[in-house]
Amino acid sequence: MRDDRACDPELLARLRQGDEEAFSELYAAYRARLFTFLLRLGGRRDLAEDLCQELWLRLAARPPVLQQDMPLGPWLYRVARNLYISYLRSREYDENRTAELTAIQFLSSLQPDPLEELSGNEMQHCLQAALAQLPLPYRECLLLVSGAGLTAQQAADVLDLPAPTFRKRLSRAREMLAKWMRLG
Amino acid sequence: MAEDDDRLTERHIDVLLASTQLQDLDPAAAKRIEAVCLAQFRRRRRPPLPSRAFLVGVLEATLAVLLGGSYLLWNLGRALVIYGVHLR
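All of these numbers come straight from a predicted model, not from anything done at the bench.

Asker: Any chance you could explain the overall build of chain A here in plain terms?
Answerer: Regarding its fold elements, chain A presents 10 helices and 0 strands. For chain A, the residues scored as buried account for 35% of the 184 residues in total. Here the contacts in chain A between residues at least 6 apart in sequence split such that 68% fall between residues at least 24 apart.

Asker: What is the right way to read helix 8 (residues 136-147) of chain A from this model?
Answerer: Because the α-helix completes a turn every 3.6 residues, residues three or four places apart line up on one side. All names here are of chain A. Its 12 residues give helix 8 an end-to-end C-alpha distance of only 14 Å, which falls more than 12% under 16 Å, the value for a rise of 1.5 Å per residue. Counting buried residues in helix 8 gives 9 out of 12 residues, a clear majority hidden from the surface. Residues Arg139, Glu140, Cys141, Leu142, Leu143, Leu144, Val145, Ser146 and Gly147 constitute the buried set of helix 8. Backbone geometry just downstream of helix 8 places Gly149 in the positive-phi region, at approximately 85°.

Asker: I tried to follow the environment of A:Cys52 on my own but got confused; where do I start?
Answerer: Relative to the helices and strands, A:Cys52 is located in helix 3 (residues 45-61). Separated by 27 residues in sequence, A:Cys52 and A:Val79 have C-alpha atoms that sit 9.9 Å apart. Those residues within four positions of A:Cys52 in sequence are excluded, and the remaining contacts are A:Leu34, A:Phe35, A:Leu38, B:Leu25 and B:Ile33.

Asker: It is not clear to me how the packing of helix 2 (residues 20-42) of chain A against helix 8 of chain A should be interpreted in this structure. Could you clarify?
Answerer: Two quantities define a packed helix pair, namely the angle between the helix axes and the distance between the axes. Residue and element names in this part refer to chain A. The interhelical angle for the contact between helix 2 and helix 8, taken along N-to-C directions, is 155°, at an axis separation of 10 Å. As summarised for this structure, helix 2 and helix 8 are arranged roughly antiparallel, according to the angle between their axes. The crossing of helix 2 and helix 8 is right-handed. Residue-level contacts link Phe37, Arg40 and Leu41 of helix 2 to Arg139, Glu140, Leu143 and Gly147 of helix 8. Residue composition of the contact of helix 2 with helix 8, grouped by class: 3 nonpolar, 1 polar and 3 charged.

Rules of the game
Residues numbered from 1 in each chain as written. Chains lettered and ligands numbered in written order. Predicted model: local features only at pLDDT ≥ 70, side-chain atom pairs only at ≥ 80, totals over all residues. Helix = DSSP H or I, 4+ residues; strand = E, 2+ residues; numbered from the N terminus. Buried ≥ 20, exposed ≤ 12 C-beta atoms within 10 Å, placed from the backbone. Contact = placed C-beta atoms within 7 Å. Expected span 1.5 Å × (residues − 1). Axes fitted to C-alpha atoms, helices over the stretch in contact; angles between N-to-C directions. Parallel < 35°, antiparallel > 145°, perpendicular 65-115°, else oblique. Left-handed = near helix turned anticlockwise from the far one by under 90°. Nonpolar A, V, L, I, M, F, W, Y, C, P; charged D, E, K, R; others polar.

Here it is as C-alpha cells:
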C-alpha cells in the first residue's frame, strides 16, 4: 500500500498473543477504508455492513500469519473481496441484469460530500455513478489501486491475477470510467 | 485536442477516486461489530475445554478397562475352577 503501516506486524503479533487493544487499533485503522471498499464494490450499505462484520470476525477468530514486512491491508482487502464474491455466488447474482438497480442503490447509499455540496461540483457524484456502472472485474481493479491505495502488484495478488493481465484490466477500467464520466 | 482531454480525464481518475471521502459504518453499528468481534476474540484466547465427545470417550475407555478387566478375571476364575475340578 502506498500508506504502508509499519506497525502492522507488531500489531498482528500482539493480536496473536491475545491483546484486545491491538484488535481495536487495527479496527480503528482499517474500518472505514474496508467499509468504503465494500460499499463501492457492492453499492449497498446493509450488505457492506454485514460483510464488514464477517471480515472482522474472521480476523478475531484467526489472525493471519503474514510474512515479515508484509502489510495487513492486502490480506484484509482479499478477504473482503472474497466475501463479496461468495455473497454474489450464494445469491446467484446476475450483475448484468441488476447493474441498473445496483447503480441506483449505489447512488442513494452514498452520503453526499459536504464540500461537493458547498462547491456545487458534480464531479464526485458523476464519478460514483460511472463507477457503479463499471463491471465488477474492472471496478475491483480500480477500487483496489485508486481507492484503497494498493500497489498494482499487491492488487494483482489480491485478485490472483498475473501482473500484466491486471495492468491491462486496470487500464481498461480507467478508460471505461473516463468515457462514462464524459458521457454523464 | 479531444484525445488530450480524454487522457487528462483518465489521469485524473485516480486522483478523484483517492480524494473521495471515505464512508464509515454508523457509530452504533461500528460499536456493535467491535463488541461482537472482541467477544469472539476472547473466546479464542481461552484454553479449549474438553468437549462432550472427549468426556464420553474417556468414560467409555474407563468402563471398557473396568469391564474388560472383570471379564478377564471372571474367565480366569472359571478356568481355575474347571482346572481344579478336572484335577479332582
